[in-house]
Amino acid sequence: MNELSIKIKIGDREYPMKVDANQEEILRKAGKLINERIKSYKDQLGIDDKQDLLAMVAFDSIVEQINFKLTQTH
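Below, the structure is looked at part by part. (Residues numbered from 1 in each chain as written. Predicted model: local features only at pLDDT ≥ 70, side-chain atom pairs only at ≥ 80, totals over all residues. Heavy atoms only, no water.)

1. Some points on helix H1 (residues 24-45)
The α-helix winds at 3.6 residues per turn, so residues separated by three or four positions along the chain end up facing the same way.
Link 1 in the chain: The terminal C-alpha atoms of H1, which comprises 22 residues, lie 32 Å apart, in line with the 32 Å expected from a rise of 1.5 Å per residue.
Link 2 in the chain: Where H1 is concerned, the buried positions are Gly31, Ile38 and Tyr41. Seen from one end, H1 has its buried residues packed into an arc of 90°, which puts them on one side. Facing away from the buried side of H1 by more than 90 degrees, the exposed set consists of Glu25, Ile26, Lys29, Lys32, Lys39, Asp43 and Gln44.
Link 3 in the chain: On its buried face, H1 sits against strand E1 (3-10) and helix H2 (50-73). (Helix = DSSP H or I, 4+ residues; strand = E, 2+ residues; numbered from the N terminus. Expected span 1.5 Å × (residues − 1). Buried < 20%, exposed > 50% of the residue type's maximum accessible area, 1.4 Å probe, protein only. Arc of directions from axis to C-beta. Contact = heavy atoms within 4.5 Å.)

2. Concerning the pattern of salt bridges
Link 1 in the chain: By the definition in use, this model includes six salt bridges.
Link 2 in the chain: Between lysine 50 and aspartate 12 there is a salt bridge, with its nearest N and O atoms 3.2 Å apart. With a gap of 38 residues between them, lysine 50 in helix H2 and aspartate 12 in the loop between E1 and strand E2 (13-20) connect regions that are remote in the sequence.
Link 3 in the chain: A residue is classified by how much of its surface remains accessible, and lysine 50, at 31% relative accessible area, is partly exposed.
Link 4 in the chain: Arginine 37 is the partner of aspartate 60 in a salt bridge, and the nearest nitrogen-oxygen pair spans 3.2 Å. Here arginine 37 lies in helix H1 and aspartate 60 lies in helix H2, a separation of 23 residues in the sequence.
Link 5 in the chain: Here aspartate 60 falls in the partly exposed class, since its relative accessible area comes to 23%. (Salt bridge = Lys/Arg side-chain N within 4 Å of Asp/Glu carboxyl O.)

Here you go:
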């Protein structure tokens, strides 16, 4: 296993992690998408609180996951 030490920045904080080299691109893309959603909620709703923004992103992501699973079973 080829492990890399990387830092992913989410909402003005950097998170160091050790990842498998073949997962690096996916994790960086995930971090980028989270930051894009944070910015979108901030712009649309005028929310500045990072915790509220992260909660909205988490909620939105779980709703998408549930909807996806429902479409896969029907």
